[in-house]
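Residue-level structure breakdown
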Amino acid sequence: MRIATWNINSLRLRLDLLRRLTVQEGPDVICLQEIKVEDGLFPLADVMALGYPYVRFHGMKAYNGVAILSKIPFQIMDPKDWCLKGDARHAHVILGGDVELHNFYIPAGGDIPDPESNAKFAHKLQFLDELKAHFESHTKPGAAAKGKAIMVGDLNIAPLEDDVWSHKQLLSVVSHTPIEVEKLDAVQKAGQWVDAVRQITPPPIKLFSWWSYRSADWTKNDRGRRLDHIWVTPSISKRVRHATILRDMRSWTQPSDHVAVIVDID
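Report follows, based on the coordinates.

Quick look at the pairing of strand β8 (residues 149-154)
Counting buried residues in β8 gives six out of six residues, a clear majority hidden from the surface. Alternating positions in β8 separate into two faces, Ala-149, Met-151 and Gly-153 on one and Ile-150, Val-152 and Asp-154 on the other, with burial throughout. Where strand β7 (residues 99-105) meets β8, six bridges bridge the pair, whose relative direction is parallel. Of the residues in β8, the one forming a bridge with His-102 is Met-151. Summarising the sheet, β8 and strand β12 (residues 228-232) pair through five bridges and their orientation is antiparallel. Within the sheet, the bridge partner assigned to Asp-154 lies in β12 and is Asp-228.

As for unusual backbone geometry
Residue Pro-204 follows Pro-203 across a cis peptide bond; omega there is 10 degrees. Along the chain, the position of Pro-204 falls in the loop between α6 (196-200) and β10 (210-211). At Cys-83, a residue that is not glycine, the phi angle is positive and equals roughly 60 degrees. Residue position: Cys-83 is located in the loop between β5 (74-77) and β6 (90-95). Residue Cys-83 is classed as buried on the basis of its relative accessible area of 9%.

Quick word on helix α3 (residues 119-136)
Its 18 residues place the ends of α3 26 Å apart at the C-alpha level, agreeing with the 26 Å of an ideal helix rising 1.5 Å per residue. Every buried residue of α3 is accounted for by Phe-121, His-123, Lys-124, Leu-125, Phe-127, Leu-128, Leu-131, His-134 and Phe-135. In this fold, the buried residues of α3 make contact with β7, β8 and α5 (178-190). Looking at where α3 begins, the residue whose side-chain oxygen comes 3.0 Å from the main-chain nitrogen of Lys-120 is Asn-118.

Here is what the cut-offs are and how they apply
- Residues numbered from 1 in each chain as written.
- Predicted model: local features only at pLDDT ≥ 70, side-chain atom pairs only at ≥ 80, totals over all residues.
- Heavy atoms only, no water.
- Buried < 20%, exposed > 50% of the residue type's maximum accessible area, 1.4 Å probe, protein only.
- Helix = DSSP H or I, 4+ residues; strand = E, 2+ residues; numbered from the N terminus.
- Pairing = 2+ DSSP bridges.
- Expected span 1.5 Å × (residues − 1).
- Contact = heavy atoms within 4.5 Å.
- Polar contact = N/O pair within 3.5 Å; in protein donor to acceptor, adjacent residues only side chain to side chain.

Dropping the structure here:
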């Protein structure tokens, strides 16, 4: 199975880029974040025409939203309403009858890393705390109990020193602050998740999946961050054969500021 995760930053705007991704890489499952379309306007026929008959979408107008496109049959599970905000940040399915798949879009957190003065950052920290508590108490029978689970998405945190262009300069920048990294590490530990990409390409090799639109030439200074992740449970980690970040997507016409991350699992 080839699984991809991508913050597409508007599905309808970048439907042609999604088509290009499917032709070029042929993922069996694609998890999208920031689809930015309410459910009634989701381009279901266009997506299915790309070869993905199984589609789960959970969207809202202009903001957020997630979708799972699959060639593999799945059972749709109800998404949890994280932080009681109803802001369409989670899609949850059971792939092929026994592999649990979570697709998350964790809040970005604004610009100021202070929960007292920045409600967006407080929301992000609360979301991470709820994720940790959820996976600690996650004892559902079936797929999860057997350890077959995958968690993907734009987690909006670059946890390792080699996941950012400058560890020292970004320590006080939202997405790489110590408190965010600490809380994401706690989520990872709670679910016994293995970082599939870093399993294949460990530090000190630098890896990025996001480059700001603010840079006039993102290739020149390469000031990226690895915000997009694919995590798997230990039993699946033994079957991971390949992982890559499609850096060249950042140079496509009208690109998202994120690129896709792909993992191959036997």
